[in-house]
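For reference, the chains in residue letters:
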Amino acid sequence: MSKMGRVQGKVALVTGAASGIGAESARALAREGAKLVLTDRAAEAGNAMADEVAGLGAEVIFLAHDVTREEDWQAVVAAAKERFGRLDVLVNNAGVGGGVPLLESTLEQWRMVTGVNLDGVFLGMRHVCPLMIETGGGSVINISSILGKVGQAGAAAYCASKGGVALLTKASALELAPMGVRVNSVHPGYIETPMVSTALHEMGNGNEMRDLLITRHALGRMGVPKEIANGIVFLASDESSFMTGSELVIDGGYTAA
Ligand SMILES: NC(=O)c1ccc[n+]([C@@H]2O[C@H](COP(=O)([O-])OP(=O)(O)OC[C@H]3O[C@@H](n4cnc5c(N)ncnc54)[C@H](O)[C@@H]3O)[C@@H](O)[C@H]2O)c1
């Protein structure tokens, strides 16, 4: 008999699943027995990810989805319901960086970052949780950041969006607990993904910046997506059944100082 996975039979929706932490979470959830609804605004890379995950033996659909668009969320939830009849796990992972200094930032840039990183998380819970509640409850995992706990010069909108996610998580956890939905946030340190490598590449002094960032992690390196995916699987599984409204910090000691 094959081994039962840690999230066997659960239906998990992962946004931003085409790259980085979302892609690695999709792989990890698939290996642990989940059925997957993968979404991303990058359709080609998202479809390729769905093919890869199907190769791991998971039942999976991919949907093109912009998390800032309410009508996209309605379509995603309807498609998930039609294909799987339920949703047990929501990983609100899609996000964008935004290294614009406060005094140079436009309202449009502010709204772009907070629109994806914070409005997107609100819309996700607003549209997915009714189905979760209807089918017996579930687990919502909102990807915040160390920059949702401490500030960083030059990243005001990003920090505001991620700090917002942390408290949106706690307020929602209190409201949804009686309905059987747990809501937790994950706070990664710097992780080797396209988001970080692109941001470093765009700075003239990317290598120096990278070395400086590494020194801020007590473990002396950046993390890798698998180290965040491990935490996401834990929060998705019933192993975390007494956790709600909490912050899972996976940061190599960045915020310990
Ligand atoms: N990499 C890090 O160091 C780090 C640290 C802390 C938190 N995070 C957070 O982790 C999450 C994943 O980041 P990553 O590093 O894997 O980045 P990434 O750039 O590799 O992947 C992000 C994915 O989100 C998708 N996306 C962006 N905007 C979208 C939108 N409007 N609608 C749908 N999809 C959209 C992108 O197409 C991409 O596939 C983000 O929320 C990020 O803020 C990352």
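As shown above, the structure is provided for reference.
Predicted model, so just to flag it, every value in this text is computed and none were measured. All residue numbers refer to position in the chain's written sequence, counted from 1. It should be noted that, the model being predicted, local features are given only for residues of pLDDT at least 70 and side-chain atom pairs only at 80 or more, the latter also being counted only at that level, while totals for whole chains, interfaces and linings use all residues. The side-chain figures draw on all heavy atoms in the structure; neither hydrogens nor water molecules are used.

Caption draft 1: Here's a closer look at the side chain of asparagine 142. Take asparagine 142: it is sitting in strand β5 (residues 138–143). Relative accessible area serves as the criterion here: at 0%, asparagine 142 is assigned to the buried category. Under this definition, polar contacts are N or O atom pairs within 3.5 Å; protein pairs additionally need one hydrogen-donor-capable and one acceptor-capable atom, and for neighbouring residues in sequence, both atoms have to be side-chain atoms. There is a polar contact of 2.9 Å between the side chain of asparagine 142 and the side chain of asparagine 92. Ignoring sequence-local partners within four residues, the contact set of asparagine 142 consists of Asn92, Val121, Met125, Val165, Thr169, Val183, Asn184, Ser185 and Val186. Numbering of helices and strands starts at the N terminus; helices are DSSP runs of H or I of at least 4 residues and strands are runs of E of at least 2. For every residue, the accessible area (1.4 Å probe, protein chains only) is compared with the maximum for its type, and the residue is labelled buried under 20%, exposed over 50%, or partly exposed between those bounds. The contact criterion used is simple: two residues touch if any of their non-hydrogen atoms lie within 4.5 Å.

Caption draft 2: The sheet that holds strand β2 (residues 35–40), seen in detail. What the 7 strands build is an open sheet, ordered β3-β2-β1-β4-β5-β6-β7; its pairing is parallel. If you trace the sheet from one side to the other, it starts and ends with β3 (60–64) and β7 (247–250), each paired once. Ignoring which end each strand starts from, the neighbouring axes of this sheet average 15° apart. Strand pairing follows a simple DSSP-based rule, namely that at least 2 bridges must link the two strands. Here 3 bridges tie strand β1 (residues 11–14) to strand β4 (residues 89–92), and the two strands are oriented parallel to one another. For helices, the fitted line uses only the C-alpha atoms of the stretch in contact; every axis is such a line through C-alpha atoms, and the angle between N-to-C directions lies from 0 to 180 degrees.

Caption draft 3: Summary view of the site of the ligand. Close to the ligand lie 28 residues, the nearest being Ser19, Asp40, Tyr158, Ile191 and Thr193. Here a nitrogen atom of the ligand and a backbone polar atom of valine 67 are 3.0 Å apart. Considered on its own, the ligand offers 830 Å² of accessible surface; in the complex 93% of this is hidden by protein. Looking at the shell around the ligand, the elements with two or more residues in it are α1 (20–31), α5 (156–176) and α6 (194–202). We call Asp, Glu, Lys and Arg charged. Ala, Val, Leu, Ile, Met, Phe, Trp, Tyr, Cys and Pro are nonpolar, and the rest, Gly among them, are polar. In the shell around the ligand, the residues fall into 14 nonpolar, 10 polar and 4 charged. To be near a molecule or strand, a residue needs just one of its heavy atoms within 4 Å of it. Only the protein chains shown count as covering a residue, and every accessible area follows the Shrake-Rupley method with a 1.4 Å probe.

Caption draft 4: The arrangement of the packing of α1 against helix α8 (residues 225–236) in detail. At a closest axis distance of 8 Å, the pairing of α1 and α8 adopts a crossing angle of 55°. Between α1 and α8, the crossing angle belongs to the class labelled oblique. Once α1 is placed against α8, the crossing between them reads as right-handed. For the pair formed by α1 and α8, the contact residues are Gly20, Ile21, Glu24, Ser25, Ala28 and Leu29 on the first element and Pro225, Lys226, Ile228, Ala229, Ile232, Val233 and Ala236 on the second. Its residues placed into classes, the contact of α1 with α8 shows 9 nonpolar, 2 polar and 2 charged. In this scheme, roughly parallel covers angles under 35 degrees and roughly antiparallel covers those over 145, while 65 to 115 is roughly perpendicular and the rest are oblique. Definitions for this section: a left-handed crossing has its near helix turned counterclockwise from the far helix by less than a right angle. A right-handed crossing has that turn clockwise.

Caption draft 5: Here's a closer look at the side chain of aspartate 72. Topologically, aspartate 72 is positioned in helix α3 (residues 70–84). Accessibility expressed as a relative area gives 18% for aspartate 72, which makes it buried. Among residues more than four places away in sequence, those in contact with aspartate 72 are His65 and Asp66.

Caption draft 6: Focus on the pattern of salt bridges. Any Lys or Arg side-chain nitrogen found within 4 Å of a carboxyl oxygen on Asp or Glu counts as a salt bridge. One pass over the structure, following the stated rule, counts 13 salt bridges. A salt bridge links lysine 10 to aspartate 238, with the nearest nitrogen and oxygen atoms 3.0 Å apart. Note that lysine 10 is positioned in the segment before β1 and aspartate 238 in the loop between α8 and β7, a separation of 228 residues in sequence. Assessed through its relative accessible area of 18%, lysine 10 is described here as buried. For aspartate 238, a relative accessible area of 53% corresponds to the exposed category.

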